[in-house]
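# Notes for the structure review
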There are 2 protein chains.
Amino acid sequence: MMAAPVTLLGRSLVTSRLCACVIVSKRLYCSSGKRIRVHDALTSLEAGSAIRIQGWVRSVRSQKHNLFLHVSDGSSLQPLQVVASSDLNTRDITFGCAVDITGSLEKSPSKKQSVELQASRIEVVGECNPVDFPFKIKGHHSLEYIRQFPHLRCRTNAFSSLLRIRSQATAAIDSYFRDNNFVQIHTPVITSNDCEGAGELFQVEPAGKEGNEWNSDKENPHFFSVPAYLTVSGQLHLEVMAGAFPAVYTFGPTFRAENSQTRRHLAEFYMVEAEIAFTESLKDLMKVMEGLFKTTTEKLLSHCAEDVELFHKYVSPGYMEQVDLMMKRKFNVISYTEAIDILNCSSEQFTFKPEWGWDLQTEHEKYIVQHCGNVPVFVTDYPYELKPFYARDNQDQPRHTAAAVDLLVPGVGELCGGSLREERLELLKTRLAKAGLDDAYAWYLQLREFGSVPHGGFGMGFERYLQCVLGIDNIKDTIPFARFSHSCVL
Amino acid sequence: MMAAPVTLLGRSLVTSRLCACVIVSKRLYCSSGKRIRVHDALTSLEAGSAIRIQGWVRSVRSQKHNLFLHVSDGSSLQPLQVVASSDLNTRDITFGCAVDITGSLEKSPSKKQSVELQASRIEVVGECNPVDFPFKIKGHHSLEYIRQFPHLRCRTNAFSSLLRIRSQATAAIDSYFRDNNFVQIHTPVITSNDCEGAGELFQVEPAGKEGNEWNSDKENPHFFSVPAYLTVSGQLHLEVMAGAFPAVYTFGPTFRAENSQTRRHLAEFYMVEAEIAFTESLKDLMKVMEGLFKTTTEKLLSHCAEDVELFHKYVSPGYMEQVDLMMKRKFNVISYTEAIDILNCSSEQFTFKPEWGWDLQTEHEKYIVQHCGNVPVFVTDYPYELKPFYARDNQDQPRHTAAAVDLLVPGVGELCGGSLREERLELLKTRLAKAGLDDAYAWYLQLREFGSVPHGGFGMGFERYLQCVLGIDNIKDTIPFARFSHSCVL
């Protein structure tokens, strides 16, 4: 079938609101027309072109002579308005059904959209029973409500926006590192390190052949011959690479077997981690962290404006100002010791009394961010004893600190954590020996034995980043499939 | 300290081979000079500029008056030649040590390199005892030898090339999908699906508090309340997304608890998986697979020419011709039935007799690729009974097939596997019920109940791709940290 002379028909169609055109065009070009995405149709300037779109119906309005649909295919938040003669209306055109539509893309007479599709053919590809479908045509479903349907929630506006943002943020983070000549390393998920002795590890063994019981062969109980865990951080593996590359990064899943169901924790979450060789100052690390945050956010604000706006309008109203503030201002830098002073000078009643030598609690972190005008704050030089073995000794007195830094941000608290790493063989050896870890980390000591260099790095929680930029309260709403204690759906 | 008028000194330095310059420049610009990467120094056109480089010594040649070093920082395979007066030579300048060098970048009188660094200062940042260091200054270490040192092998030429290639290939794959409007989805690592009932699953539970024993609380034996596994494929999760987006992809680790130590298997490996909505033909999928392969390879050949050449010259001599062939020719397409005919007509003695209805063995796959002129071959329409429940029924007779496709490539065999997915609710319901899986996959059936669309997808093994393009025999040499049965080092 040939394409109709749509440009000629175009004008009269708009004025007559389609009544006649459908019949004409039905005859003329049925399922012909260039197949394009809704996003491309919306930004197309070629009024009068014959197109074909495929997507899902987001709204249905039936008038005496005309049928109005909104059709979305996930390529943009804004749907395409489809106008058809009511002759084309059938029972199975319902909210949620999948459709394949051909017609002519025309300038819309309405101010709500610049173009609309004047349909000559509507085919329902997949029906959707509106009674059973958990989302309703005019329902305003909360993030909490849609979270109950992990296999269907991507079909809502809010979650499809979240997924487009997440994909763009991933691309922006990769670009930032690649533009700055970092080599991407796939650090392993399964590891025999119980890094930092952090506890809360998941252990891995093959599922038993029968009834999913563990292999109980006592001669060789472990698949890998040693106990193996899911990684809690790729840092040590990145440090291996910092012995051969100027800068490396990893971006992948990490795990904590934490028995908590708060709005801040997931059992499986994504971390961006970077390690930089020949770095002798926390300033270098802070520059990368601030650059990563701002460059990524800038890209999101420009490439996903519409999707980000949905969150700043409906999910966290007024949050755009907070984001503007973070983007405009230089991030603050204070030392841990200054942070403790600030806390001690405040009139706030804290549940935990702030004291030098103790970890900052979430309530402390929040206060410090507020105190700094709701602009992100780097807190540097933590007490030596609080930090893991790899943190570089500042060798100061009487308050002994390590060259570590956390980035605290509004709403979330700790977003990044990093440090210079102890590159001096003797100091590291002594510290590992004291902890009884020198055998387990003999390989790590060898990194310092052969061409050791000063280096440092940091990690950023990706879901927390999304919470911080979008104003999302519950971390479960930032990830496609949330895993936490007592929940692993699909 | 101010920068020296190096351009003026430049000429005479080259002729006098440095003897005087070092003393001059030592006084003049010690540790000043712009810090740049070796890669940028090598491609710099500003002869005479004062620079500072930091890296590792790859070779040392000491003459009466001069010291020649090759220094690499991982930014390129080619090292930078450093020339210094022998006055700057010290005992600790050895193969493998880390150095920080300032000097003047000059045109090299030798044909082997276009520039060299005439050093005014050499500082050994980290020593390297050449006796203990497992790699030797003029040693030609095999991939097998260096594999024994997973924490150090990135310091060899071959493995640092591999890691740069891997990073570039990752970037190229991401670009391919993003340029084609795919949304990237982080499919979960931990899942309660035992997808395809494939067996060989890893199971996950928290490490016990004491002695790494499993939690034996009989009331609630599972952290997630249900048995949880490491993913073997993100396909089903991508299918969720194909109900809301035109095209999605995932690129991440997948797992098999296979008790084998062959050169073809890893317990943890990377998969690229894509899923496309509104696709009704295997042709659409094959177009994406071939596009992905060729676009990615083209980028590698242009962006990593030097690193790829190392493999084509030293690891798999002559392999470049094989790669050229794959790039130039259109991939072949034959049906499974044709493949069986080809095998049956051959005079080859196979260990397994080829027969319609049975899986192709590796020996069969290799023969077919050879038969097709060592150009990749798509094999389509496999016997229905061989394929998992989600493969789309071709409803043909008497030889009942499903719309599935594998891509076979030289050296490796199966590189990709894909299919159209059964989008018809009733057919899928019947098949799942027969397999007793309709309860477990009730959520999957719901995807077909609400706005189902024809769709399909495929997966590509990333390490096998690297083997195929670089001519690497053992898959363990394509991944930063290899995991396989009885081995999980670091």
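My aim in this report is to walk through the structure given alongside it, one point at a time.

Calculation notes
- Residues numbered from 1 in each chain as written.
- Chains lettered and ligands numbered in written order.
- Predicted model: local features only at pLDDT ≥ 70, side-chain atom pairs only at ≥ 80, totals over all residues.
- Heavy atoms only, no water.
- Phe/Tyr/Trp six-rings, centres within 6.5 Å; stacked < 30°, edge-to-face > 60°.
- Helix = DSSP H or I, 4+ residues; strand = E, 2+ residues; numbered from the N terminus.
- Buried < 20%, exposed > 50% of the residue type's maximum accessible area, 1.4 Å probe, protein only.
- Lys NZ or Arg CZ within 6 Å of the ring centre and 35° of its normal.
- Contact = heavy atoms within 4.5 Å.
- Buried area = accessible area lost by both parts, 1.4 Å probe.
- Salt bridge = Lys/Arg side-chain N within 4 Å of Asp/Glu carboxyl O.
- Polar contact = N/O pair within 3.5 Å; in protein donor to acceptor, adjacent residues only side chain to side chain.
- Least-squares fit on C-alpha atoms with pLDDT ≥ 70 in both.

## What about the packing of aromatic side chains?
Summed over the entire model, instances satisfying the criterion amount to 54 aromatic pairs over all chains. A ring pair is formed by A:Phe450 and B:Phe133, whose centres lie 5.0 Å apart and whose planes are at 50°; its orientation type is tilted. On the criterion of chain membership, the pair formed by A:Phe450 in the loop between α13 (442–449) and β17 (455–461) and B:Phe133 in the loop between β6 (115–126) and α4 (143–146) is interchain, its members lying in two chains. Like A:Phe450, the residue B:Phe133 is buried in the burial classification. Judged by centre distance (6.0 Å) and plane angle (50°), the ring pair of B:Phe331 and B:Phe378 falls under tilted. Of this pair, B:Phe331 sits in the loop between α9 (319–328) and β13 (332–335) while B:Phe378 sits in strand β14 (residues 377–383), and the two are 47 residues apart along the sequence. The residues B:Phe331 and B:Phe378 share a single accessibility class, namely buried. In this arrangement the basic side chain of A:Arg61 is found over the ring face of A:Phe68, its NZ or CZ atom lying 4.6 Å from the centre.

## Topic: the interface of chain A and chain B
Listed per partner, the contact involves 105 residues of chain A and 104 residues of chain B. Broken down residue by residue, the surface that chain A buries against chain B is led by A:His186, A:Phe278 and A:Phe450, which jointly contribute 10%. The tally of links from chain A across to chain B stands at two salt bridges. Here A:Asp174 ties to B:Arg178 by a salt bridge, and the two come within 3.6 Å at their closest N and O atoms. Summed over the shared surface of chain A and chain B, the result is 38 residue pairs in polar contact (both at pLDDT 80 or more).

## Some words on the relation of the copies chain A and chain B
Each of the two chain copies goes to the other by way of a rotation about an axis and a shift along it. Superposing chain A onto chain B requires a rotation of 180° together with a translation of 0.0 Å along the rotation axis, leaving an RMSD of 0.0 Å. Here the copies are linked by what is in effect a two-fold axis. By C-alpha distance to the rotation axis, the residue of chain A lying nearest is A:Val204, at 2.5 Å. A share of 99% of the interface residues of chain A reappears at the interface of chain B, consistent with the copies meeting face to face through the same patch.

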